[in-house]
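# Coordinates in review
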Amino acid sequence: MTDYLSEYIDGLDMEEVRASAEKQQREANEAARQAEAKKNICLLPLSALQEAPAAMQCFHAADEKRLNALRESIHRNGVLSLLIVRPLTNGKYEIIAGRNRCRAARSLGYSELLCIVRDVGDDDEATKLQIADNFLHRDVILPSEKAKAYKFQLDAMKRKAGRPKKDAENSTQVVSNSSENDNSDQIGQNYHSSSIELLAAESPDSKTQIQRYIRLNWLIPAFLERVDAEKISLQLGAAVSYLSASTQTMLLEYLNAHPDKQLTQIAVEELRKLDAEDSTVIDMEIIAELLSHRTKRVLRVVKLQMKPLRQYFPPDASEEDITKTVQAALEYYFSNRHVGNDTETSKS
């Protein structure tokens, strides 16, 4: 019997087992949530409902195409998924989840809707409910929406733990070489990693995917739109997010001007290395060379050391005068060298 159990366990795909267990847990949690929700269902007039402020919205408002599809669905079947609202002190209710359903129903002439009323005073908890509801009921969630949702959840976990609110990208940054700060940084890394793992356990995405989605928050808007439109992958978008905003803007300008060029992971990684160097000036030519797979030309800043040069100049000569003289001397040197080469060539 023991041998049989051992063989059975060895034959299991543990990753598949874990995924199945997590799915069952999510379904059980949702069933419990729905059972609790039935206790708090009320028929509320639409005049008493107001949308949550923009700062709490992790998901885009439906565009006209999606809103029309929602209207058609509601016209045929009614509002299948109830709105989630919370009471306000002015007698009205704030929509936590379901603002698009409310907009569509209002445009169809509805005057009241069944709503699940949740007495949630904390904005973080309200937004977490919004995220859970959207993840459950929406078939398509854009990368930009997941990016905002996951980052919000991560920041909320940090606030709940009483830690200073910091950007996700800075939570693993070393601030000095002292042993005390190194230890603090290690704690930050561990906390960040465990928080991501908790998010992964409660979501349909893996830890690596969640990290990539969070990185999208550092993309300039135009690049984020490219990820949403599936013009570049999530992995590539996350890589681009490590570039400075100015380099991202320049890269996007080049791609728009050269639609035949394809952005690659290798090119982005090379560009990221150059972007991190203070001595490198990123320009369109460097970007063109990287995307054309040619040997890259790197323009480095050369700083003249004034001390060894001053022996050739009067004591009162300024650094600007010295620089100009050196520049003129170099121009003279290289122009005469070319003349000398041409003379030697003609002699031969």
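Quick look at the structure, then. (Residues numbered from 1 in each chain as written. Predicted model: local features only at pLDDT ≥ 70, side-chain atom pairs only at ≥ 80, totals over all residues. Heavy atoms only, no water.)

### Quick notes on the overall build of the protein chain
- Along the protein chain, the regular secondary structure elements total 15 helices and five strands.
- Residues counted as buried form 34% of the 348 residues belonging to the protein chain.
- Of the contacts made within the protein chain by residues no fewer than 6 positions apart, 64% connect residues no fewer than 24 positions apart.
- Carbon and sulfur atoms make up 52% of the accessible area of the protein chain, which totals about 21800 Å². (Helix = DSSP H or I, 4+ residues; strand = E, 2+ residues; numbered from the N terminus. Buried < 20%, exposed > 50% of the residue type's maximum accessible area, 1.4 Å probe, protein only. Contact = heavy atoms within 4.5 Å. Areas by Shrake-Rupley, 256 points an atom, 1.4 Å probe, with all protein chains shown as cover.)

### A closer look at the nonpolar core
- Leu216, Phe223, Leu251, Leu263 and Leu291 are the most contacted members of the largest nonpolar core, which has 37 residues in total.
- Those elements that provide at least two residues to this core are α6 (143–160), α7 (179–201), α8 (207–215), α9 (221–228), α10 (234–240), α11 (245–257), α12 (265–275) and α13 (284–291).
- If near-sequence neighbours (up to four positions away) are discounted, Leu216 is found in contact with Pro143, Ala147, Leu224, Val227, Leu234, Gly237 and Ala238. (Core = buried A, V, L, I, M, F, W, Y, C linked by side-chain atoms within 4.5 Å.)

### Quick look at the packing of α9 against α11
- Direction vectors running N to C along α9 and α11 enclose 55°, while the axes themselves pass 9 Å from each other. Looking at the two axes, α9 sits oblique to α11. Counting all contacts with α9, which are made through Ala222, Phe223 and Arg226, the residues of α11 involved are Gln248, Leu251, Leu252, Leu255 and Asn256.
- In terms of residue class, the contact of α9 with α11 is built from five nonpolar, two polar and one charged. (Axes fitted to C-alpha atoms, helices over the stretch in contact; angles between N-to-C directions. Parallel < 35°, antiparallel > 145°, perpendicular 65-115°, else oblique. Nonpolar A, V, L, I, M, F, W, Y, C, P; charged D, E, K, R; others polar.)

### Quick look at helix α4 (residues 99–107)
- Within α4, the full set of buried residues consists of Arg99, Asn100, Arg101, Cys102, Ala104 and Ala105.
- Tucked inside the fold, the buried residues of α4 contact β2 (49–51), α3 (64–77), β3 (83–87), β4 (93–97), β5 (112–117) and α5 (123–137).
- Phi turns positive one or two residues past the end of α4, at Gly109, with a value near 95°.

### Quick look at the side chain of Asp205
- Mapped onto the elements of the fold, Asp205 is located in the loop between α7 and α8.
- You can call Asp205 buried: its relative accessible area is 7%.
- Dropping the residues within four chain positions of it, Asp205 is found in contact with Lys146, Tyr150, Ala200, Ile210 and Tyr213.

### Comments concerning α9
- For α9, the full list of buried residues reads Phe223, Leu224, Arg226, Val227 and Asp228.
- Where α9 is buried, its residues contact α6, α10 and α11.

### A few points about the environment of Arg26
- Considering the arrangement of structural elements, one finds Arg26 in helix α2 (residues 14–37).
- When its relative accessible area of 30% is taken as the criterion, Arg26 is described as partly exposed.
- Residues Arg26 and Ala201 lie 175 residues apart in sequence; the distance between their C-alpha atoms is 9.2 Å.

All we've got here are geometric facts, nothing functional implied.
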